[in-house]
Amino acid sequence: MRIAAFGFRSIPPSKGAAGADKFAMELFPRLVKRGHSVVAYNRRYPDVFVDVKDFKGVKVKTIKTTKIKGFDTLWHSFRSTFDIIINNTADIVHIQNGGNSIWALPLRLFGKKVFISQDGVDWKRDKWPWYGKLYLKLSAYITAHFPNEVIFDNVIAKKLFEDKFKKTYKFIPFGSEVEVVAGNEQIFDQLGIQKGNYYLFVGRFIPDKGLHYLIPAFNNSNSDKKLVLIGGSPNPSPYEKQVQDMAGPNVLFPGYIYGNDVNTLMSNAYCYIQPSDVEGLSPVVLTVMGLNVPLIVSDIEENEYAVQDTARKFKKGNIESLTQEINFCEANHDQMLVLAKKAQARALGEFNWEKVTDEHVEVFSK
């Protein structure tokens, strides 16, 4: 099969990366290993891009986009669609993010098979202004009706779409395992932390992720460990400054860290905390589960589905509840390690990248 893909930022990930980039990095090379051709459309921002033309056999085409928040994805997706049609780079197009579903219309008119990965209910995310939420609600209708297939990575969003649009869609979760490589031990010295003596969060600094709950909850807890917050805001944001201003002396902001270094930090954390208000099926949560690391998550449906009874949960948006869970982790870490072992068994059994790849090949082949 000849496959083209867009809707993520870049492979390998660069500043501002999120779950879509992790997904692309794991899925596309595996498709190539199965004998398929894959063209991945990276974004080039004025100040951020990855200068590669090949990533593990995936052909990478880098196209410029704008830094204007809310329009960078649409402009890049338009240019990627144009390139696919004009240069006939693929017969099958995989689009991440239902906000890009408008491009399914011209692609199908030009004979392409189009598949959209929908990772959640995007219009519920606080980061969008009213007009952004209106657009995403309209694009949900296009998503529901115009692609050859819509693929959901969590059953909650899938059910919402099925109930709303009276159609049946495909469910394929993210994988959980990461490549086992020797970690860079120097990363601990660089950050001034010790193995097993820090809490961790990895992701974008946007309101959806709940850092404005996590930081005060940690400050109020009994812990004398560090809290390491990996990532940042994909665009200049007052929210990022807001959360930095909340931080006490034990809260660290190292910026964006990728690859083996971030996997090393995950696998050696005392506990990972995911305080999100809104998520799809979080690839970071699944990765942490697969690494046998204790986990605290907000009790949103998507997290409940992922972890079931293998992690501690706090009430979404409740700082006091999260503080209590951090204190529980401090006092009962042996119990947290038992849960982590259960989480690893669930992750590697239910959420496997090879299985995920096989299911995508099956869907694309229809």
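Reference entry: report on the structure contained in this document. Remember, it's a predicted structure, so these values are computed and weren't measured experimentally. (Residues numbered from 1 in each chain as written. Predicted model: local features only at pLDDT ≥ 70, side-chain atom pairs only at ≥ 80, totals over all residues. Heavy atoms only, no water.)

Considerations on the packing of aromatic side chains
Part 1 of the argument: On inspection of all chains with the given rule, the structure shows 19 aromatic pairs.
Part 2 of the argument: With 6.1 Å between their ring centres and 85° between their planes, Phe171 and Tyr305 make a pair best called edge-to-face. With Phe171 in strand β8 (residues 170–171) and Tyr305 in helix α11 (residues 301–307), the pair connects residues that are 134 residues apart, well separated along the chain.
Part 3 of the argument: Residue Tyr305 is classed as partly exposed on the basis of its relative accessible area, which comes to 24%.
Part 4 of the argument: Judged by centre distance (5.8 Å) and plane angle (65°), the ring pair of Tyr199 and Phe218 falls under edge-to-face. Of this pair, Tyr199 sits in strand β9 (residues 198–204) while Phe218 sits in helix α7 (residues 211–220), and the two are 19 residues apart along the sequence. Each member of the pair Tyr199 and Phe218 is classed as buried.
Part 5 of the argument: By way of ring pairs, the aromatic residues Tyr141, Phe152, Phe161, Phe165 and Tyr169 are connected into one cluster.
Part 6 of the argument: In this arrangement the basic side chain of Lys225 is found over the ring face of Tyr270, its NZ or CZ atom lying 4.2 Å from the centre.
Part 7 of the argument: Cation over ring: Arg312 sits above Phe328, and NZ or CZ is 3.7 Å from the ring centre. (Phe/Tyr/Trp six-rings, centres within 6.5 Å; stacked < 30°, edge-to-face > 60°. Helix = DSSP H or I, 4+ residues; strand = E, 2+ residues; numbered from the N terminus. Buried < 20%, exposed > 50% of the residue type's maximum accessible area, 1.4 Å probe, protein only. Lys NZ or Arg CZ within 6 Å of the ring centre and 35° of its normal.)

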